[in-house]
Amino acid sequence: MGYAHEYADAVLHRGRVPMEPADFVPDWPDGPRRGKFFPSVESYVLPDGDDLADAPAWAGLLPRSGRGPSATDPADPTGASGGFTLPLLSAMLKDSYGLTGRRLGVQANSDLSGLPFYTHANWSRGTAGGGGLYPVGVYWASGPSGPLTPGIHYYDVQRHAVQRLLTGDVTARVREALGRDAPAEALETDQYLILGVKYWQTAFKYNSFGYHVVCTDVGTLVQTWRIWAAAHGLRTAAVLWFDEPRLNGLLGTVGEEEGVFAVVPLRWDGDVTVARTAVADGPDPAVRHRDVERSRTVIEFPTVLAMHATTVAGAAERPAPGALAPAAARPVPAGGTRVALPAPAFPEVPVRRVLRSRRSSFGRFDAADPVTPGQLSSVLAACAATSLGGEADPDGTLQQVRLYAFVNHVQDIAPGAYVYDPGAGDLALVVPGPQGAFLQENYFLANYNLEQAGVVLVPTVRTTAVLDAVGDRGYRLAVGTAGAVAQTFYLAASALSLGAGVALGFDNVSFVERLGLEGTAEAPLLIMPLGNERPGPADFRHEIA
């Protein structure tokens, strides 16, 4: 067993045994920026894509079944050509990670007092982020088939622009780093989105737990792109195994401050001919521009450095297809008390609207207005269908996540803890009776009254089984999958006009004990409350201010 097993165990037990350094206190005034700052680099403003045709969100939320009411061909719901263009890519970046509004509504989160002040402005994005920190840097490696001068471009979320950090086509080097056994789609293009994580951007708040959080954040962003692309008749699939040190070198990252977590190849519109010539001998070019750090003091955490090292070791040793099969979610046993659910379906809501309206409910749930079985069925089905795909599961058909539902206020469903059976489309009772007191006792923060939520979903991943199957780098896959489920959950709730939230601060072991998961390797990684919100919220209309 590698170091990632120790880390996974520490994360699971951190509600009872704090992770070191246990006495760490964030220095909020000296915190880093939420993004990189390259002061001497010219920016190129991207089109916002607002004139693109609306695309139905259900095509991405339910990609294989129960798609929704539309009669449009689900394989190509918008008539897209199958390839990205600059307006499409720009719109996807804006809708996923760009700044789309202010968060100023009155709610129960601890940051409420600072929201009215512009210097502490909380900007909304389509993708969820752990603690609202957004540590993922998006780099676009563009070759000759693209619309810009070939090079490496950094996506500046504040200005919705790209900054060219390196001029020249380096995509052949990216393909070499991905390896000859990479998926064909990764070797037949010269356009790549490279996702880098700057650890300090999260570790300054979460210290050793920060590595877990950034893995979740990568999963949320990758899943947003999968849903957005599917809604527009396109496809994205992240590559997770590659020569990471080489790509780190191309990006010019310093030491162990940052790591490349995923590469997303883009099929570009039109005829793209990729030259198969060998890369010239000699060192790779590298980005020379440096991010200007805001923090005066940057702290290195040994646990984060150890996780970086163990997940980089063997990063290019791609697992064989089917390697994840031993780590699949356990099937739900037949029999027991079952509750049938209606077939899942989503309304005809554009994916952009779903992303722009995504938010955390923070204390707004209203138990007087229960969730319907149809709404619960749709959210469960969308979450159960979530997969990061990747090399170990290229078809994205392996069920990696098991979903539990702690029912508080759902029409015609008795309170209790249930497990969702995606094959049968129903719920199997695990623990009867009201669960509100248990949920609240094992939640660390005060920003949610979990009993007021209609239902609290708990996804589990067999994390240690994933590590056993594909090695320590599989930690990124396991936790990233949970992040992808969280993003699907948020967008499914948004499509159904329901309130939602995702939290990491809870006693994981108590949920293992409550659900009888000892010895199964199932790790509850998130709790996700869902429900209707109180009417008439006190929100600031930033768009008309």
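As the structure is a prediction and not an experimental result, all values here were calculated from the model.

Draft legend 1. Region of the structure containing the packing of aromatic side chains. Taken as a whole and assessed by the stated rule, the structure comprises 20 aromatic pairs. Centroid distance tyrosine 199 to phenylalanine 261: 6.3 Å. Interplanar angle 65°. Geometry classified as edge-to-face. Pair noted here: tyrosine 199 is in the loop between strand 7 (191–198) and helix 6 (200–206) and phenylalanine 261 is in strand 8 (residues 258–265), with a separation of 62 residues, a long-range link. There is no split in this pair, since tyrosine 199 and phenylalanine 261 are both buried. An angle of 45° between the planes, with centres 5.8 Å apart, marks the rings of tyrosine 211 and phenylalanine 261 as tilted. In this pair, tyrosine 211 is assigned in helix 7 (residues 210–231) and phenylalanine 261 in strand 8, connecting sequence segments 50 residues apart. Tyrosine 211 sits in the buried class, given a relative accessible area of 0%. An aromatic cluster is built from Tyr7, Tyr199, Tyr211, Phe261 and Tyr475, whose rings are joined through pairwise contacts. The ring of phenylalanine 242 has arginine 473 sitting right over it, with the charged end atom 4.9 Å from the ring centre. One cation-aromatic arrangement involves arginine 476 over phenylalanine 261; the distance from NZ or CZ to the ring centre is 3.8 Å.

Draft legend 2. Up close: the packing of helix 3 (residues 86–97) against helix 7. Where helix 3 contacts helix 7, the two axes come as close as 10 Å, and the packing angle between them is 130°. Viewed along their axes, helix 3 and helix 7 adopt a mutual orientation that is oblique. Once helix 3 is placed against helix 7, the crossing between them reads as right-handed. On helix 7, the residues that touch Leu88, Ala91, Met92, Leu93, Asp95, Ser96 and Tyr97 of helix 3 are Leu221, Thr224, Trp225 and Trp228.

What counts and what doesn't
Throughout this document, residue positions are counted from 1 along each chain, in the order its sequence is written. The predicted nature of this model means local features are confined to residues of pLDDT at least 70 and side-chain atom pairs, given and counted, to a pLDDT of 80 or more, with totals for whole chains, interfaces and linings taken over all residues. Only heavy atoms go into the side-chain values, all of them from the structure, while hydrogens and water stay out. Paired rings are identified among Phe, Tyr and Trp, the last through its six-membered ring, by centres lying within 6.5 Å, and are further divided according to the angle between planes into stacked (under 30 degrees), edge-to-face (over 60) and tilted (the rest). In this description a helix means any DSSP run of H or I spanning at least four residues, a strand means any run of E spanning at least two, and both kinds are numbered starting from the N terminus. With a 1.4 Å probe rolled over the protein chains alone, any residue whose accessible area is under 20% of its type maximum counts as buried; one over 50% counts as exposed, and the rest are partly exposed. For a ring to carry a charge above it, either NZ of a lysine or CZ of an arginine must fall within 6 Å of the ring centroid while also lying within 35 degrees of the normal to the ring plane. Under this scheme, a helix contributes an axis fitted over its contacting stretch, all axes are lines through C-alpha atoms, and angles between N-to-C directions fall in the 0 to 180 degree range. When describing relative orientation, an angle under 35 degrees is termed roughly parallel and one over 145 degrees roughly antiparallel, while 65 to 115 degrees is termed roughly perpendicular and anything else oblique. Handedness of each helix crossing follows the sense of rotation of the near helix against the far helix: counterclockwise by less than a right angle gives left-handed, clockwise gives right-handed. Residues count as neighbours in contact if any of their non-hydrogen atoms are within 4.5 Å of one another.

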